[in-house]
Amino acid sequence: MHNEKEAKLRQSVIDAALDYYNQVHATRKAFSPGDRISYGGRVFDGQELANLIDASLDFWLTAGRYADQFEHDFASHLGTKHCLLVNSGSSANLLAFMALTSPKLRDRRIRPGDEVITVAAGFPTTVAPIIQFGAIPVFVDVSLPTYNIDVTRISEALSPQTRAVMVAHTLGNPFDLGAIRAFCDQNDLWLIEDNCDALGSRYLMDGAWRNTGTIGHLGTFSFYPPHHMTMGEGGAICTSDDHLKRIVASLRDWGRDCWCPSGKDDTCGNRFARKYGDLPSGYDHKYVYSHFGYNLKITEMQAAIGCAQLLKLPSFVEARKKNWQTLREGLAQLADRLILPEATANSDPSWFGFLITVREDAGFTRDDVVQHLESTGIQTRMLFAGNLIKHPCFDEMRMTGTGFRTVGELPLTDRIMNDTFWIGVYPGMTDGMISYMIDTLTKFAGK
């Protein structure tokens, strides 16, 4: 009787939240030219709110049943063995890299002073863990119009100190995974795929389509609101390697050796029965630490939102592809003034945005067109850092000439820094918004 009464009370609270959604969030103002068009944003319905309220009523504030469900369902969706939830995509990058520094990897571990191949045209938290650990990023230029690492230059980056490649799929466009994975395999290197902007992208590998983020040894994901699905904040690391999974879990959860979930004790049956290091025999396994770790877990409420979002992910991906294709076709007549993006060969991108590079003889600059678009309500973004090594965070390293190296002068990375921007394709955009963006750019370019 008590459980039945509790279930009815819980449902009444959820129903009230659904009513609130229908009254407050469900209706949407029709788009009018000049209205703000964001580059990205959250797309949700009543199910996210229902899940959020349901989780809050349990008041199990750390990871729980919804987190377990999401990790299982997300790994299954991608076709990988393990998913570990964390509090952001940046934390996912940190843990993925730090996992490769674990003493448990013995001779294959990355040590301070070792080198990691990457690019400077991207988001800083792909590179930050490398530098913060004391490894050396080696920057390779990118290619246009894919905006991904130039695979013809990666062999020049190789040295006896190279241990890994850590690169992002730029705005959802997969890098050449066939070439990069073969390069890593031939040289016994780790591969981390930063998949934070590319959830739902696929690559044709050995005759079969595979999800990006599952082809490297580790893949990272972000659930920040503008990304392909959201938890508000949140991220994940995926791997099919059992050993790497245990290392990532340890680092995420304070560095502990114990694998018991929060709130559960002695799942192995040997909590007080083993000897670890120089600790007394039988020391509580819940307080044995095999790594210098962190606390980067997600909350149950975030995971609850994620479970509802994951059901919508296929439709989100299709909407992004449709919006990108409509922009590509609508702006084709501007190809003499704008370099328009192209998908990498053997890939099926789940686009995060629509990249545009202004040609040198266009008659206007990147700053001119960006200012015009912003003034007409169309939000724009740079390709993140543009060239990361030109930023203040690299000042000391540039002055001392230590801490990183480049393969050549990175001319296309500089080109992106000066001439490239992007506009959104997120699922919340309407056909009217897409048409307005095409019309505004076309008129600005004098066409």
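Scroll up a little and you will see the structure.
Overview of the structure. (Residues numbered from 1 in each chain as written. Predicted model: local features only at pLDDT ≥ 70, side-chain atom pairs only at ≥ 80, totals over all residues. Heavy atoms only, no water.)

**What about the overall build of the protein chain?**
Piece 1. Tallying secondary structure elements over the protein chain gives 13 helices and 16 strands in all.
Piece 2. Taking 22 Å as the expected radius of gyration for a compact globule of 447 residues, we find that the protein chain reaches 23 Å, a close match to that expectation.
Piece 3. Overall, the C-alpha framework of the protein chain stretches about 75 × 65 × 45 Å when taken along its three principal axes.
Piece 4. Looking at the 447 residues of the protein chain, the share that counts as buried comes to 53%.
Piece 5. Entry remark: accessible area of the protein chain is about 19700 Å², with carbon and sulfur atoms responsible for 52%.
Piece 6. Charge centroids of the protein chain, computed over 44 positive and 52 negative side chains, lie 3 Å from each other. (Helix = DSSP H or I, 4+ residues; strand = E, 2+ residues; numbered from the N terminus. Rg over C-alpha atoms; globule rule 2.2 N^0.38 Å. Buried < 20%, exposed > 50% of the residue type's maximum accessible area, 1.4 Å probe, protein only. Areas by Shrake-Rupley, 256 points an atom, 1.4 Å probe, with all protein chains shown as cover. Lys, Arg positive; Asp, Glu negative; His and termini not counted. Charge placed at Lys NZ, Arg CZ, Asp CG, Glu CD.)

**Some words on the pairing of strand 8 (residues 202–205)**
Piece 1. Because side chains alternate across strand 8, one face comprises the buried residues Y203 and M205, and the other comprises R202 and L204, none of which is buried.
Piece 2. Two strands pair when backbone bridges link them, and strand 8 and strand 9 (residues 208–211) are joined in this way by four bridges, in the antiparallel orientation. Across the sheet, residue L204 finds its bridge partner in strand 9, namely W209.
Piece 3. Hairpin connection, strand 8 to strand 9: the antiparallel pair is bridged by two residues, and D206 has positive phi, about 55 degrees. (Pairing = 2+ DSSP bridges.)

**What to know about the sheet that holds strand 9**
Through backbone hydrogen bonds, the strands of a sheet pair up, either in parallel or in antiparallel fashion.
Piece 1. Pairing in this open sheet of three strands is antiparallel, and the strands run 9-8-13 from one edge to the other. The outermost strands of the open sheet, each flanked by one partner alone, are strand 9 and strand 13 (347–348).

**Overview of the packing of aromatic side chains**
Piece 1. In the structure shown here, the tally under the stated rule is 17 aromatic pairs.
Piece 2. Note on F74 and F221: the rings are 5.2 Å apart at their centroids and 90 degrees apart in plane angle, and the pair reads as edge-to-face. Separated by 147 residues along the polypeptide, F74 in helix 3 (residues 65–78) and F221 in strand 10 (residues 218–222) bring together distant segments of the chain. The two residues F74 and F221 agree in class, both being buried. (Phe/Tyr/Trp six-rings, centres within 6.5 Å; stacked < 30°, edge-to-face > 60°.)

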